[in-house]
Amino acid sequence: MDFSNKVVIITGASSGIGASVAVLYAKQSAKLVLTGRNEQSLNTISKQCEEVNGIKPLIVKADVTDDNDIKKIVLNTIEHFGRIDVLVNNAGVGVRASILDGVKPFDEAIATNIRSAYLLTSLATPYLIESKGNVVNVSSVAAFGPIKGVDFLPYCISKAAMDQFTKCVALELGPQGVRVNSVNPGCTRTPFAEAAGFTKDNVTQLYTQRAESYPLRKVAERDEVADLILYLSSDRARSITGSVYVIDNGEMLV
Ligand SMILES: NC(=O)c1ccc[n+]([C@@H]2O[C@H](COP(=O)([O-])OP(=O)(O)OC[C@H]3O[C@@H](n4cnc5c(N)ncnc54)[C@H](OP(=O)(O)O)[C@@H]3O)[C@@H](O)[C@H]2O)c1
């Protein structure tokens, strides 16, 4: 899988799956655009990428809930690298709430997890058509149904919307040579659960319980999810579009 001269935008590149996939792309000689809010973490990941292939990534500090920041991601990428080959819509947050909590958590989940991907993909599409590029959306097994024992109502809805987004855009852009796919992880070891408000102890307990209940008796590591993203965005996956790839240690089977 060679990404030489390919320009790859990754949202949520400052942590977890996004950080892992950035380093993987660097190993394949990609030119990277790393975005997120945490500039310090972005700088750390950027250095790791540069050490791997000698190519300095472009960092765009951006809050994906801000339309101007989203526009800045595309404008700065084109100004700096002149093209877009791959867009990884990975930024996301595990918004938790009950239906009794009102509409605010829903708005937050939609703004971060799907509206951002919608707008960014829309702005990147003319360049993706030009490069015959592709999009990988990072969704979740939460897209298929409620996660039992976790108050993930707004999150589940946002990820279900993302899967429909993947399929609709894949259908629309297929004839123009642009592929759109989705990676849907189950529980994966990243700072995600803590960002969703679980304590460290809760997280340890959660991983143990999940691992015990999964057929493969383990949770996923972030590099494993990153591998799948890399594959789907590579030429090896040239016949794959509109597909939703589950990576969940068998969670969906039980
Ligand atoms: N870990 C899991 O168990 C799991 C399972 C299924 C799906 N996923 C999905 O995987 C994706 C990556 O999550 P992760 O597990 O790697 O978690 P993570 O380590 O918490 O990373 C989340 C990333 O999203 C970024 N982000 C969040 N809100 C943002 C905002 N408003 N503007 C810009 N960036 C924002 C964060 O960057 P900043 O903080 O720098 O802004 C961070 O880089 C998410 O879409 C998540 O839903 C994770």
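Provided above is the structure to which this section pertains.
Before going into details, it helps to say that this report is about the structure given with it.

Conventions we followed
Residues numbered from 1 in each chain as written. Predicted model: local features only at pLDDT ≥ 70, side-chain atom pairs only at ≥ 80, totals over all residues. Heavy atoms only, no water. Pairing = 2+ DSSP bridges. Helix = DSSP H or I, 4+ residues; strand = E, 2+ residues; numbered from the N terminus. Axes fitted to C-alpha atoms, helices over the stretch in contact; angles between N-to-C directions. Contact = heavy atoms within 4.5 Å. Near = heavy atom within 4 Å. Polar contact = N/O pair within 3.5 Å; in protein donor to acceptor, adjacent residues only side chain to side chain. Areas by Shrake-Rupley, 256 points an atom, 1.4 Å probe, with all protein chains shown as cover. Nonpolar A, V, L, I, M, F, W, Y, C, P; charged D, E, K, R; others polar. Core = buried A, V, L, I, M, F, W, Y, C linked by side-chain atoms within 4.5 Å. Buried < 20%, exposed > 50% of the residue type's maximum accessible area, 1.4 Å probe, protein only. Right-handed = clockwise from strand over helix to strand, strands pointing away. Parallel < 35°, antiparallel > 145°, perpendicular 65-115°, else oblique. Left-handed = near helix turned anticlockwise from the far one by under 90°.

## Structural notes on the sheet that holds strand β5 (residues 134-138)
(1) Moving on: Judged by pairing direction, the sheet is parallel, and its seven strands sit side by side in the order β3-β2-β1-β4-β5-β6-β9 without closing on themselves. Two strands bound the open sheet, and with one partner strand each, they are β3 (58-61) and β9 (244-247). Averaged over all adjacent pairs, the angle separating strand axes in this sheet is 15 degrees, with direction ignored.
(2) Moving on: With four bridges connecting them, strand β6 (residues 179-185) and β9 associate as parallel partners. Across the sheet, residue Asn 184 finds its bridge partner in β9, namely Val 246.
(3) Moving on: Taken strand by strand, helix α3 (residues 67-81) contacts β1 (7-10), β2 (31-36) and β3, and its axis lies near 160 degrees from that of β3.

## Examining the site of the ligand
(1) Moving on: Surrounding the ligand, one finds 29 residues, the nearest of these being Ser 14, Ser 15, Arg 37, Tyr 155 and Thr 190.
(2) Moving on: Between the ligand and Lys 159 there is a distance of 2.9 Å, counted from an oxygen atom to a side-chain nitrogen or oxygen.
(3) Moving on: Relative to its unbound accessible area of 870 Å², the ligand is 92% covered by the protein chains.
(4) Moving on: Per-class residue counts for the shell around the ligand are 11 nonpolar, 15 polar and three charged.

## Quick look at the nonpolar core
Side chains of nonpolar character tend, in soluble globular proteins, to be buried together.
(1) Moving on: Val 8, Ile 10, Tyr 25, Leu 32 and Ile 229 are the most contacted members of the largest nonpolar core, which totals 32 residues.
(2) Moving on: Broken down by secondary-structure element, the contributors of at least two residues to this core are β1, α1 (16-27), β2, α2 (39-53), β4 (86-89), β5 and α8 (222-233).
(3) Moving on: No other element matches α1, which puts eight residues into this core.
(4) Moving on: Setting aside its immediate chain neighbours within four residues, Ile 229 contacts Ile 17, Val 21, Tyr 25, Val 88, Val 136, Val 138 and Val 183.
(5) Moving on: Val 60, Val 74, Ala 124 and Val 169 belong to the second largest nonpolar core, which has 27 residues in total.

## What to know about the pairing of β5
(1) Moving on: For β5, a buried count of five out of five residues is recorded, marking the element as mostly surrounded by other parts of the structure.
(2) Moving on: Residues Asn 134, Val 136 and Val 138 line one face of β5 and the alternating positions Val 135 and Asn 137 line the opposite face, and both faces are buried.
(3) Moving on: Here four bridges tie β4 to β5, and the two strands are oriented parallel to one another. The residue bridging Val 88 from the neighbouring strand is Val 136, located in β5.
(4) Moving on: Following the backbone out of β4, through helix α4 (residues 104-131) and into the adjacent parallel β5, one traces a crossover that is right-handed.
(5) Moving on: Where β5 meets β6, five bridges bridge the pair, whose relative direction is parallel. Within β6, the position partnered with Val 138 by the bridge is Val 183.

## A closer look at the packing of α3 against α4
Each packed pair of helices is defined by two parameters, the angle between the axes and the distance between the axes.
(1) Moving on: One way to put it is that α3 packs onto α4 with a least axis distance of 10 Å and a crossing angle of 30 degrees. Judged by the inter-axis angle, α3 sits roughly parallel to α4. In this structure, α3 meets α4 at a crossing whose hand is right-handed. Each of Asp 67, Ile 70, Lys 71, Ile 73, Val 74 and Ile 78 in α3 lies in contact with α4, whose residues at this interface are Arg 115, Ser 116, Leu 119, Leu 120, Leu 123, Ala 124 and Tyr 127.
(2) Moving on: The residue inventory of the contact of α3 with α4, partitioned by class, reads nine nonpolar, one polar and three charged.

## Points about the side chain of Ser 158
(1) Moving on: Position of Ser 158 relative to the elements: it lies in helix α5 (residues 153-173).
(2) Moving on: Reaching out from Ser 158, the side chain makes a polar contact with the side chain of Asn 113 at a distance of 3.1 Å.
(3) Moving on: A polar atom in the side chain of Ser 158 sits 2.7 Å from the backbone oxygen of Tyr 155.
(4) Moving on: Apart from the residues within four sequence positions on either side, Ser 158 is in contact with Ala 109, Ile 110, Asn 113 and Ile 114.

## Comments concerning unusual backbone geometry
(1) Moving on: A positive phi is found at Arg 217, a non-glycine position, where the angle reads about 55 degrees.
(2) Moving on: Relative to the assigned elements, Arg 217 resides in the loop between α7 (200-213) and β8 (220-221).
(3) Moving on: At Asn 249, a residue that is not glycine, the phi angle is positive and equals roughly 55 degrees.
(4) Moving on: Tracing the sequence through the fold places Asn 249 in the segment after β9.

Shape is all these values report; function is a separate question.
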